[in-house]
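For reference, the chains in residue letters:
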Amino acid sequence: MRDPELQALLDQQEIRDVVLRYCRGIDRLDLELVRSCYHVDATDEHGTFTGTRDDYLEWVANVLTRYAGTMHVIANQLVEVDGESARSETYGIAYHWGDPPDDRRRNLATGFRYIDRFERRDGEWRIAARVAVREWTQVVPAEQRWVIPPERDGRRGRRDRTDALYDFEPGTS
Amino acid sequence: MRDPELQALLDQQEIRDVVLRYCRGIDRLDLELVRSCYHVDATDEHGTFTGTRDDYLEWVANVLTRYAGTMHVIANQLVEVDGESARSETYGIAYHWGDPPDDRRRNLATGFRYIDRFERRDGEWRIAARVAVREWTQVVPAEQRWVIPPERDGRRGRRDRTDALYDFEPGTS
Amino acid sequence: MRDPELQALLDQQEIRDVVLRYCRGIDRLDLELVRSCYHVDATDEHGTFTGTRDDYLEWVANVLTRYAGTMHVIANQLVEVDGESARSETYGIAYHWGDPPDDRRRNLATGFRYIDRFERRDGEWRIAARVAVREWTQVVPAEQRWVIPPERDGRRGRRDRTDALYDFEPGTS
């Protein structure tokens, strides 16, 4: 039996890491990683979509094809553990870019909050219910995009296993 | 007597959570939550305002009425505990929006840092002194705001108890 | 011998704090603080630069002189510890500003990720190898910069020891 305050600290960190893995999965298009963040019977309410985990995965996979890339920047994570369930609020900004650069529907940033109920089942914290709340949306005008020619640029983010993330896989160094 | 490194970890997390609750209180207009983040004799230096906790609360409540909404996105939180006091530096970006959309004073984002001295009194970490430092301010032009008609949008952030946050109150699931 | 889960929590926090100190060092121009985040034989791949720690320090010191200020906002930090090494992915947005305000090369924000291999040597976690990945770059147009006259403004960020951060030095209160 662990010191309850330390156990709560472990629980909070585990929950924060689930939300971070969710974003990694969305941005790298690793949808099985996204799926693993939810319990099998979880629900998600996300913009005009409301449904089950698997329906959400199908919906979001389709939405993501519109963009050349996304970046889900996650900030404030306030987790309140209450036994085997927890409330987690996460603030974030999602950046989306795509072609053509003057397409307002493909070049935008949005401020949001994920309001999650987490549950621990079989010792594992996962999302049981999520509501994504929108705060604001801004278009990124084409003339503000700075396109760096590849020969003058460094490493770019990729949406597959060629991303630099996978160069540093734990246990392979 | 706890392992001192683990105690420091608990202290750091408690301090980070105070700053996160501060932002929740500001953005949801829960000013009693904001007040609970400070010791009774705390001071705050914030833009042109400098004063006590209660004077700050009165000042900020007034400032917040200018906007239709705010979002205080909190990032880097570096906490250095030193016995019963601590230095905490928090980076953030505050988004403000309001009407009319072309009012530059109501539609802006600002990068800031909160520099806080925390003190633990009666076992509780709270802000004893805060200086808010401004880094930059950007206007959000009306033509970049994307206004989504409610029937095509999902859940929006609210500044009262109707926000989705309160659907997931701990202990009520 | 500590509870391994608690040890992992300590390791993760130590690693996150190194990345936060890196940003503090860059933004306050405390380059010795930046240097202390790397092992002596570390490598950094950063835009068009690839090289050793000390070469990187020289390169970045020069880049930083272009700007009047920078703010490296750090968000998602996902740390995976594997014995004496760890993979750390950090999302961030770097804001840069400078004069003249209409110089596109001096007024921009960029979304990036730091992909780091950390190693623990002599009990201390530091960066052994870093790749900085760029996601997007946006120019901040002069007409969106809101310049507040000093007499109507509060405390501003500084790039030296006059910054408010150093008013609250631990052990000096």
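Computed from a prediction, not measured in an experiment: that's the story for all the values here. Residue positions are given per chain, counting from 1 as you read along its sequence in written order. The order in which chains are written sets their letters, starting at A; the order in which ligands are written sets their numbers, starting at 1. For a predicted model such as this one, the threshold for reporting local features is a pLDDT of at least 70, and the threshold for listing and counting side-chain atom pairs is 80 or more; totals across whole chains, interfaces and linings nevertheless cover every residue. Excluded from the side-chain calculation are hydrogens and water; included are all heavy atoms of the structure.

**Describing the overall build of chain A**
We apply this condition: Going along the chain from the N terminus, every DSSP run of H or I of four or more residues is numbered as a helix, and every run of E of two or more is numbered as a strand. Burial classes follow relative accessibility: with a 1.4 Å probe on protein chains only, a residue under 20% of its type's maximum area counts as buried, one over 50% as exposed, and anything between as partly exposed.
Counting secondary structure elements, chain A contains 3 helices and 6 strands. When the helices and strands of chain A are read in sequence order from the N terminus, they spell out α-α-β-β-α-β-β-β-β. Seen along its three principal axes, the alpha-carbon backbone of chain A occupies a region of about 55 × 45 × 25 Å. For chain A, buried positions account for 58% of its 173 residues.

**So, the relation of the copies chain C and chain A**
Cut-off, in case you're wondering: For this overlay, a least-squares fit was computed on C-alpha atoms, restricted to residues scoring pLDDT of at least 70 in both copies. Throughout, a residue-residue contact means that at least one pair of heavy atoms, one from each residue, lies within 4.5 Å.
Take chain C, turn it by 120°, move it 0.0 Å along the axis, and it overlays chain A with an RMSD of 0.0 Å. In short, the pair behaves as if placed about a three-fold rotation axis. The position closest to the rotation axis in chain C is occupied by the C-alpha of Ala75(C), lying 3.0 Å away. Looking at the interface residues of chain C, only 9% of them are also at the interface in chain A, so each copy uses its own face.

**Some remarks on the relation of the copies chain C and chain B**
The two copies are related by a screw operation: chain C maps onto chain B through 120° of rotation and 0.0 Å of translation along the axis, at an RMSD of 0.0 Å. Counting the interface residues of chain C, we find that no more than 10% of their copies in chain B are interface residues as well, pointing to two distinct contact surfaces.

**A word on the side chain of Asp17(A)**
Here is the rule: The positive count covers Lys and Arg only, the negative count covers Asp and Glu only, and His and the chain ends enter neither. Every case where a carboxyl oxygen of Asp or Glu lies within 4 Å of a side-chain nitrogen of Lys or Arg is listed as a salt bridge.
Among the secondary structure elements, Asp17(A) is positioned in helix H1 (residues 4-27). Of the side chains with opposite charge, Arg16(C) comes closest to the buried, unpaired Asp17(A), at an N-O distance of 5.0 Å. Non-local contacts of Asp17(A), meaning those with residues more than four positions away in its chain, are made with Gln12(C) and Leu78(C).

**Describing the interface of chain C and chain A**
Our working rule: Polarity classes work like this: nonpolar for Ala, Val, Leu, Ile, Met, Phe, Trp, Tyr, Cys and Pro, charged for Asp, Glu, Lys and Arg, and polar for all others, with Gly in that last group.
Tallying the contact residues gives 43 residues for chain C and 40 residues for chain A. Counting across the chain C and chain A interface gives 9 salt bridges. A salt bridge links Glu5(C) to Arg2(A); the nearest nitrogen and oxygen atoms lie 3.2 Å apart. For the side of chain C that touches chain A, a count of residues per class yields 17 nonpolar, 11 polar and 15 charged.

**Re the sheet that holds strand E6 (residues 124-139) of chain C**
Just so we agree on the cut-off: Whether two strands pair comes down to DSSP finding at least two bridges between them. Fitted lines through C-alpha atoms give the axes, limited to the stretch in contact for helices. The angle between two N-to-C directions lies from 0 to 180 degrees.
Read across the sheet, 6 strands follow the order E2-E1-E6-E5-E4-E3 (chain C) without closing on themselves; strand pairing throughout is mixed. Each edge of the open sheet carries a strand with a single partner, namely strand E2 (49-52) and strand E3 (69-82) of chain C. Strand after strand, the sheet turns through a mean of 15° between neighbouring axes, direction not considered. Where strand E5 (residues 108-121) of chain C lies against E6(C), 14 bridges are found, and the strand directions are antiparallel. Looking at E6(C), one finds that Phe112(C) is bridged to Arg134(C). Of the strands in this sheet, E3 and strand E4 (85-97) of chain C touch H1(A), which is tilted by about 105° from E3(C). Against the sheet, helix H1 (residues 4-27) of chain C engages strand E1 (38-46), E3, E4, E5 and E6 of chain C, with an angle of about 160° to E3(C).

**Some remarks on the sheet that holds strand E1 (residues 38-46) of chain A**
Consider a sheet: its strands pair through backbone hydrogen bonds, and that pairing is either parallel or antiparallel. Residue and element names in this part refer to chain A. Strand order across the open sheet formed by 6 strands is E2-E1-E6-E5-E4-E3, with mixed pairing between neighbours. Where the open sheet ends on each side, the last strands, each with one partner, are strand E2 (49-52) and strand E3 (69-82). The mean inter-strand angle of the sheet, taken between neighbouring strand axes irrespective of direction, is 15°. The pairing of E1 with strand E6 (residues 124-139) spans 5 bridges and is classified as parallel. Opposite tyrosine 38, over in E6, you have isoleucine 127 as the bridge partner.

**Comments concerning the interface of chain C and chain B**
Stated formally: Buried area counts how much accessible surface, traced with a 1.4 Å probe, disappears from two parts once they are put together, with both parts' losses summed. We define a polar contact as two N or O atoms separated by no more than 3.5 Å, with the added condition that, inside protein, one atom must be a possible hydrogen donor and the other a possible acceptor, whereas residues neighbouring each other in sequence contribute only through side-chain atom pairs.
Between chain C and chain B, the contact holds 40 residues from the first and 43 residues from the second. Where chain C abuts chain B, roughly 3800 Å² becomes buried across the two surfaces, and 56% of that area is made up of carbon and sulfur atoms. For the chain C face of the interface with chain B, the top three residues by lost area are Gln144(C), Trp146(C) and Phe168(C), together amounting to 21%. Counting every contact that joins chain C to chain B gives 9 salt bridges. Between Arg24(C) and Glu80(B) there is a salt bridge, with its nearest N and O atoms 3.3 Å apart. Run the count over chain C and chain B and you get 20 residue pairs in polar contact (both at pLDDT 80 or more). Sorting the residues of the side of chain C that touches chain B by element identifies H1, E3 and E4 of chain C as the ones contributing at least two each. If one sorts the elements of the side of chain C that touches chain B by residue count, H1(C) sits on top with 10 residues. Residues that form the side of chain C that touches chain B fall into these classes: 18 nonpolar, 7 polar and 15 charged.

By themselves, these observations are geometric and do not establish any function.
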